[in-house]
Amino acid sequence: MWKLKIAEGNGPYLYSTNNFVGRQIWEYDPNGGTPEAFNAAREEWKRNRIKGYRCSADLFMRIQLKKESGIDVWSIPTVRVGEDEEITYETATVAVKKAVRLNRAIQARDGHWPAENTGPMFFAPLLVIVLYISGAINTVLTSEHKKEIIRYIYNHQNDDGGWGFYVEGHSTMIGSALNYVALRLLGEGPDDGNDVVARGRRWILNHGGATGIPSWGKTYLSVLGVYDWDGCNPLPPEFWLFPSILPFHPAKMMMYCRTTYLPMSYLYGRRYHGPLTHLVLSLREEIHVKPYHQIDWDKARHDCCQMCSVLIQDDLYYPHTFIQDFL
């Protein structure tokens, strides 16, 4: 079964100045125990999702760490306080003691508290795309890794068939297109998953197709080869050659944007895309409303999916000004 490895670094390409303290990776061990506890956790998550709690709450991690710590988190009786009841010193003390005991139980042996970062729905698809175009998807990902990524994407599909920008978000084009593509690259067929894949494709096509994906999504799909670089707004790498004293030099951007736009501008300058495999060519036809060779890519540069309902925010978080579009 799955096991969280703490403060371990195997392989010649890993280096650490603190002996890998704080590093956490999941590893699958086919002889690592019975799946009953994990299956129970999955069922608990499904029940919680119906109630509106969509994050996993690190259930697998908590099962392992509680077992390893040997701390009985249930030895202190639970106290409940009604809405109209006064919180006494005794009830507050019990609550604090239970919280401290839980945090002790889920602390890793190297001292840090592990946590997941699975809220955003656009992280895993990017990894899958990179592994696919580099030809390493079957080397890096085992069949069990693929199974869990597929399960994750299936679990977070919205009722309308699409996927959100994050696990609790309404369906968006960037979430739907990227996760649909990831499922196909992981080996799912266009009609697999008890209609999950087909429903995702219908959501994309019913909302104008993948040309309506926002700017970052346009770049990701261009790298894969299912979107044309002519449909992206310019990301000139020459900006990085400007004197750093200029107020609009890219180095002055927030770190998150800077480290994103640097590789994006390089890829844009090279017009790079991965191998045009049979699957990539098939995806070109699956996620676009028009035949790929008939799409007006210059017009698609400013295409961004917008919902009909005023109650639902669309992919267009910040509309361009006239000057931005003119430039």
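Structure shown above.
Quick caveat, the model's predicted, so the values are computed rather than measured.

## Focus on the overall build of the chain
- Per the secondary structure count, the chain includes 13 helices and four strands.
- C-alpha extents for the chain along the principal axes are approximately 65 × 45 × 45 Å.
- The proportion of buried residues among the 327 residues of the chain is 39%.
- Of the contacts made within the chain by residues no fewer than 6 positions apart, 67% connect residues no fewer than 24 positions apart.
- Separation between the mean location of the 34 positive side-chain charges and that of the 36 negative ones in the chain comes to 4 Å.

## Quick notes on the side chain of H112
- In this structure, H112 sits in the loop between α3 (89–105) and α4 (123–133).
- A distance of 2.7 Å separates a polar atom in the side chain of H112 from a polar atom in the side chain of D110.
- If we ignore the near neighbours within four places in the chain, the residues touching H112 are I6, G22, R23, Q24 and Q107.

## Description of the pairing of strand β1 (residues 2–6)
- Counting buried residues in β1 gives four out of five residues, a clear majority hidden from the surface.
- Across five bridges, β1 lies against strand β2 (residues 24–28) in antiparallel orientation. Within β2, the position partnered with W2 by the bridge is Y28.

## Some thoughts on the packing of helix α9 (residues 215–224) against helix α10 (residues 255–270)
- The contact between α9 and α10 brings their axes to 11 Å, and the two run at 40 degrees. Here α9 is positioned oblique relative to α10, judged by the angle of their axes. At the point where α9 passes α10, the crossing takes the left-handed sense. Residues W216, T219, Y220 and V223 of α9 pack against Y256, T260, Y261, M264 and L267 of α10.
- Taken together, the residues of the contact of α9 with α10 break down into seven nonpolar, two polar and no charged.

## Here we look at helix α2 (residues 59–69)
- Turning to α2, its buried residues number three or more, namely L59, F60, M61, Q64 and L65.
- The inward-facing, buried residues of α2 contact β1, β2, α1 (36–50) and α3.
- Backbone geometry just after α2 places G70 at a positive phi near 75 degrees.

## Observations regarding the environment of P120
- Relative to the assigned elements, P120 resides in the loop between α3 and α4.
- Exposure remark for P120: the relative accessible area of 22% places this residue in the partly exposed category.
- Between the C-alpha atom of P120 and that of S56, which follows or precedes it by 64 residues, the distance is 13 Å.
- Residues in contact with P120, not counting those within four places in the same chain, are Y152, F165 and Y166.

## Side note on the environment of E27
- Relative to the elements of secondary structure, E27 occurs in strand β2.
- E27 sits 118 residues away from H145 along the chain, and the two C-alpha atoms are 8.9 Å apart.
- In contact with E27, other than residues within four places in its own chain, are M1, W2, K3 and K5.

## Quick notes on the nonpolar core
- One finds Y132, L178, L185, L221, L224, L283 and I287 to be the most contacted residues of the largest nonpolar core, which totals 53 residues.
- Those elements that provide at least two residues to this core are α4, α6 (143–155), α7 (173–185), α8 (196–206), α9, α10, α11 (278–286) and α12 (297–300).
- Ranked by residue count, the leading element in this core is α7, at nine residues.
- Excluding anything up to four places from it in sequence, Y132 contacts I137, L185, L224, T277, L279 and V280.

## A short note on the packing of aromatic side chains
- Applying the stated criterion across every chain yields a total of eleven aromatic pairs.
- Measuring from centroid to centroid gives 4.7 Å for F122 and F165, while their planes differ by 20 degrees, and the two rings are stacked. Note that F122 is positioned in the loop between α3 and α4 and F165 in the loop between β3 (163–164) and β4 (171–172), a separation of 43 residues in sequence.
- Relative to W297, the ring of Y227 lies with its centre 4.7 Å away and its plane at 70 degrees, an arrangement referred to as edge-to-face. Placement of the pair is Y227 in the loop between α9 and α10 and W297 in helix α12, with a sequence separation of 70 residues.

Criteria and cut-off values
Residues numbered from 1 in each chain as written. Predicted model: local features only at pLDDT ≥ 70, side-chain atom pairs only at ≥ 80, totals over all residues. Heavy atoms only, no water. Helix = DSSP H or I, 4+ residues; strand = E, 2+ residues; numbered from the N terminus. Buried < 20%, exposed > 50% of the residue type's maximum accessible area, 1.4 Å probe, protein only. Contact = heavy atoms within 4.5 Å. Lys, Arg positive; Asp, Glu negative; His and termini not counted. Charge placed at Lys NZ, Arg CZ, Asp CG, Glu CD. Polar contact = N/O pair within 3.5 Å; in protein donor to acceptor, adjacent residues only side chain to side chain. Pairing = 2+ DSSP bridges. Axes fitted to C-alpha atoms, helices over the stretch in contact; angles between N-to-C directions. Parallel < 35°, antiparallel > 145°, perpendicular 65-115°, else oblique. Left-handed = near helix turned anticlockwise from the far one by under 90°. Nonpolar A, V, L, I, M, F, W, Y, C, P; charged D, E, K, R; others polar. Core = buried A, V, L, I, M, F, W, Y, C linked by side-chain atoms within 4.5 Å. Phe/Tyr/Trp six-rings, centres within 6.5 Å; stacked < 30°, edge-to-face > 60°.

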